[in-house]
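Examination of the molecular architecture
Here is what each chain is made of, one letter per residue.
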Amino acid sequence: MFSKDSIYHGFKLKNKIFIDDIESDFYQFEHLHSGARVVALKNNDSNKLFSISFRTLPENSTGTAHIMEHCVLNGSVKFPSDDLFNEITKGSMLTFINALTGSDKTFYPFSTRNSKEYFNIMDIYLDVVFNPLLEKNTFLREGWHYELDENENLTYTGIVYNEMKGAFSDPLRKISYLLKRELFRGSSYGFESGGYPADIPNLTYEQFLEFHKKFYSPSNSTIIIYGNEDLNTELEKIDRDFLSKTEKNSETITFTEPEKIDKPVVVKEYYPSTEQDTKNKTMVSIGIRLDNRKDIITSYAISMLIEIILRSESSPLRRALMDSSLCNEFTGFFDNSIKYPYLKLFMLNTEEKNIETLLNIYRDELDKIVNNGLDKEWIESEITPSYFEIMENSIDSSRGYVYMLEMITSLNFNEDVSNVLNMRDTYSKVIDKLYDHEFVKDIIKNLMSGLDRSVTIIMEPVNNKENVDENNKAELEEIKKSMSSDELENIRKITNEINDFKLVSQTKLPSLGLEDLELLTEKNKLQKTEINGVECTYTNEFCNDICFISLGFKLENIPAKYLVYLDFLGISLTELGTKKRDFSDLSKDIKRSIGGYSSYFQSHTRVEDHMSFTPYFWLDFKFLKDSELLFSDVLNDMILETNCSNKSRVQETMNRNFLFKDRSLQSDGYSFLVYLLKSNTSLQGVYSELINGISSLKVHKNILADYKKNEKKFLKDLMTLKSYLFNKNNLMINWVCDERNNEMMRRVSQNLIQNLPDSEFINKYDRISQDIKKNSAILTNSNVLMNGLGENIYDCGLEYHGSFDVMKSWLTRDFLIEEIRSKGGAYGADCRFNDIDGFMGFFSYRDPNLTRSFETYKKIPEAIRKLEISDELLLQLKIGSYSEFDPLLNPFSNGRINKDRYLSGIEFPSILNAANEILETTVEEMRSYSEVLGKLVEKSVKCSVGDRSKILKEKDIFDELVEY
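Please read these numbers as outputs of a predicted model, since none were measured by experiment.

Here we take up the overall build of the protein. Along the backbone of the protein there are 36 helices and 28 strands. The C-alpha atoms of the protein give a radius of gyration of 28 Å, which matches the 30 Å a tight globule of 964 residues would have. Once the C-alpha set of the protein is aligned to its principal axes, its extents read approximately 70 × 70 × 65 Å. For the protein, the computed accessible surface area is about 38200 Å², with 45% contributed by carbon and sulfur atoms. A distance of 3 Å separates the average location of the 118 positive side-chain charges in the protein from that of its 152 negative side-chain charges.

Spelled out as structure tokens, the structure:
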């Protein structure tokens with residue numbers, strides 16, 4: 001139908017090819033009137049995707065692009081609203097929706113399986129990006145504004161401001177920012193597009209509006225459409241309703257070359273630490289700018305080469321650096337997603353004096369590669385995961401989004417996009433380059449010479465150094481002194497206006513009706529079998545010969561004192577080596593045979609009794625059918641023969657794992673809050689907290705504080721846990737594969753089962769028990785808080801009915817979002833409810849408040865009792881709640897859900913019944929939950945994680961303070 005250089009609805013077709021790898025027709029159009037670009041991938045995927053992106057180059061670190069992304073999705077002239085994004089998702093069948101800001105682009109993607117919704121939201125998205133309201137109150141709320149606290153102190157607040165305060169609580173986020181600032185001076189890449197907290201308050205409303213005018217023009221836009229919708233209809237709508245009504249912008253948004261660096265640059269900064277002993281806690285990052293972006297093949301080859309030599313556990317360079325014991329972690333990343341790619345090296349937990357010695361080792365090892373080349377077997381093992389990723393993308397339920405991400409960077413730089421879609425061919429050419437010693441030698445020499453024009457950032461720890469809020473305190477005091485009483489009164493007025501701001505749309509948002517919903521149908525059913533006395537379940541799905549297998553080990557017979565090591569045990573299986581494979585050889589064989597591995601704890605509660613549950617530790621693997629023999633051998637070796645003889649490797653792995661979790665606690669902390677709160681509400685939660693929460697992290701921190709002293713006991717405990725856990729009598733197996741591969745999966749399972757010990761558990765071990773419930777807080781160096789309140793609602797008298805999900809949806813999307821996010825300035829708010837075990841909690845995320853949020857939670861029962869909503873809103877809530885019962889799933893996820901439902905005793909008729917109850921929900925039913933929510937709030941536990949100073953100021957509301 002479409003031919004090159006022809007005109008369709010104002011679009012000129014510039015290119016059309018068939019992409020074999022993804023079985024899609026690929027089209028590239030230019031809209032002649034506006035200059036907009038459209039790229040289309042058309043195939044038989046019913047999950048349609050639409051995305052519009054803009055090249056947005058920051059001119060400072062005030063976070064304009066990030067704040068713009070937030071504000072754009074708060075309504076347009078056609079669809080006025082104070083939170084349009086929330087309204088869209090409230091009543092949708094969407095499989096994905098978001099807005100994302102990168103260092104040089106902002107994009108707005110969504111996907112759905114429903115054709116009506118697809119065009120509805122396309123209409124909304126195009127309108128909000130080209131015709132946003134951008135109200136000043138929206139800018140102040142989403143970006144930043146002054147506020148007077150309860151003590152009349154002047155403060156900064158705002159949703160993006162608080163989000164970035166939380167993000168920059170992670171020292172590695174700050175060191176990365178400083179590195180790019182110095183490495184790309186004179187270029188937009190030298191600025192923080194998300195916003196640096198100290199700079200965000202410098203952004204004015206007028207500058208904000210100018211940013212939209214400059215960057216959000218059709219000629220600076222790229223539209224991506226994907227899936228099985230009719231291309232002719234899509235083009236007609238985009239042209240008729242939007243692009244034909246705009247004008248082409250004559251200004252071209254171009255990249256600016258960064259300043260030349262002719263000698264090494266060194267910058268020293270500091271980060272706060274609670275440690276008294278700050279020795280060997282320095283963080284170092286080194287950046288080396290390479291030449292401008294190369295072609296896709298070369299860029300991928302450089303990325304893979306750096307991955308091999310810097311991150312591979314088989315790399316002699318990495319091993320030499322780690323074996324020096326001069327740092328706990330040395331790693332590197334090549335960022336080729338920007339116009340001027342660069343290498344960044346990280347040395348963590350070291351001292352400044354060690355830098356030159358580490359770099360000398362780095363140079364020596366690179367020199368060996370220049371002289372000797374790379375081992376072919378090593379290359380093969382490292383590139384296999386990339387091929388697996390290509391195979392897995394073909395069965396990904398959200399593959400349209402995956403392909404969009406692959407394309408969007410190349411489109412931003414006007415490159416040939418077909419190379420990132422024809423990945424098998426690209427993959428083959430990349431391998432050829434890695435086997436070319438001259439190519440490898442040239443890249444390595446470039447990395448070595450780059451040290452002469454590098455940037456080094458040194459961040460040293462300072463005990464109890466003041467955080468960002470404290471640093472701003474003096475500045476804000478001076479600002480307040482300079483203000484008149486009228487100006488201070490105006491701040492109060494603006495704060496009230498922001499809190500009371502509620503723009504009600506006079507235009508009905510295009511939405512779905514009940515008639516647009518598809519009836520729920522049971523997906524591929526779970527099947528059961530038994531192998532050598534071990535229960536096995538499986539689901540047959542088209543998997544393109546990728547096989548997924550999950551090994552579940554019951555924890556009921558594991559002594560409580562060992563559970564704090566469980567997470568590390570899961571990590572150690574791939575990291576420590578075995579009796580016949582050292583960790584380097586194990587790493588090679590894992591990459592050759594295993595496409596992915598993860599371990600996690602899950603408590604499977606019985607639906608008929610929320611007190612009855614079975615705790616499992618799951619190991620998930622995926623592999624290609626052709627790798628059966630090697631996978632089976634490696635699997636047995638990992639589980640049966642893991643050893644700790646290489647003690648320095650154990651310590652190295654512990655250090656790396658601890659660094660990752662420590663960063664997570666400092667910059668985020670949300671998961672730790674959930675574990676802490678759940679541990680105070682149920683026995684299932686106690687398991688989760690011991691395994692994944694602050695208890696486990698503190699134990700590992702204490703071990704590492706004096707590792708040599710603690711090593712013997714720790715290793716003994718770890719191996720004891722392993723011997724208890726990996727037992728045939730503990731095991732359940734679940735797999736997902738193509739039906740033709742069932743017999744192969746039986747062979748793999750049987751091979752493992754027959755080698756596992758099968759001793760009976762006859763001892764009475766110390767079992768898990770729940771202590772007295774406590775209001776608890778974890779004190780960290782974060783500049784924001786996570787606040788949660790929760791309890792088991794079944795213990796408060798709830799009898800589950802589908803209407804409860806509709807009520808919960810209103811609580812999250814209307815009450816909490818408005819009170820905690822819009823008025824309180826937190827980045828996020830959520831209501832979590834598990835209809836199986838009964839846990840219900842209310843949470844805030846990157847929250848500047850503490851008591852205020854808990855007071856908000858207490859208002860929930862009364863808000864439900866007085867609930868008044870329109871029929872239109874009720875319909876939206878029903879549709880949104882119903883859609884959660886029919887998620888878009890990839891084969892593995894469907895098999896996992898089947899397994900989880902089986903272990904909880906959930907049958908499909910009960911799911912269908914709950915979904916029907918949702919559709920029949922009345923406002924009266926929603927109000928009826930006020931009493932049970934009142935009991936929940938009354939009995940509930942309060943927990944917080946984050947800002948030490950704020951928690952200490954209000955410590956009386958807590959029974960327990962956990963210093964970290």
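Next, the rest of the story.
On to unusual backbone geometry. If you check the backbone angles, Asn414 has positive phi at about 55 degrees while not being a glycine. Position of Asn414 among the secondary structure elements: in the loop between helix 13 (399-412) and helix 14 (418-421). With a phi angle near 50 degrees, Arg846 is a residue other than glycine that sits in the positive phi range. Inspection of the secondary structure puts Arg846 in strand 26 (residues 839-847).

With that settled, consider the packing of aromatic side chains. Overall, the coordinates contain 57 aromatic pairs when judged by the stated rule. Ring geometry for Phe601 versus Tyr687: centroids 5.9 Å apart, planes at 10 degrees, classification stacked. Of this pair, Phe601 sits in strand 20 (residues 596-606) while Tyr687 sits in helix 24 (residues 683-692), and the two are 86 residues apart along the sequence. Like Phe601, the residue Tyr687 is buried in the burial classification. For the pair Tyr670 and Tyr845, a centre-to-centre distance of 5.8 Å together with 90 degrees between the ring planes defines the contact as edge-to-face. You can see Tyr670 sitting in helix 23 (residues 670-679) and its partner Tyr845 sitting in strand 26, a full 175 residues away along the chain. Three or more aromatic residues joined by ring pairs make a cluster, and in this case those are Phe50, Phe54, Tyr108, Phe110, Tyr118, Phe119, Tyr125, Phe130 and Tyr216. The ring of Phe583 has Arg649 lying over it, and the distance from NZ or CZ to the ring centre is 4.0 Å. When the ring centre of Trp618 is taken as origin, the NZ or CZ atom of Lys899, which lies over that ring, is 3.8 Å away.

Definitions and cut-offs
Residues numbered from 1 in each chain as written. Predicted model: local features only at pLDDT ≥ 70, side-chain atom pairs only at ≥ 80, totals over all residues. Heavy atoms only, no water. Helix = DSSP H or I, 4+ residues; strand = E, 2+ residues; numbered from the N terminus. Rg over C-alpha atoms; globule rule 2.2 N^0.38 Å. Areas by Shrake-Rupley, 256 points an atom, 1.4 Å probe, with all protein chains shown as cover. Lys, Arg positive; Asp, Glu negative; His and termini not counted. Charge placed at Lys NZ, Arg CZ, Asp CG, Glu CD. Phe/Tyr/Trp six-rings, centres within 6.5 Å; stacked < 30°, edge-to-face > 60°. Buried < 20%, exposed > 50% of the residue type's maximum accessible area, 1.4 Å probe, protein only. Lys NZ or Arg CZ within 6 Å of the ring centre and 35° of its normal.

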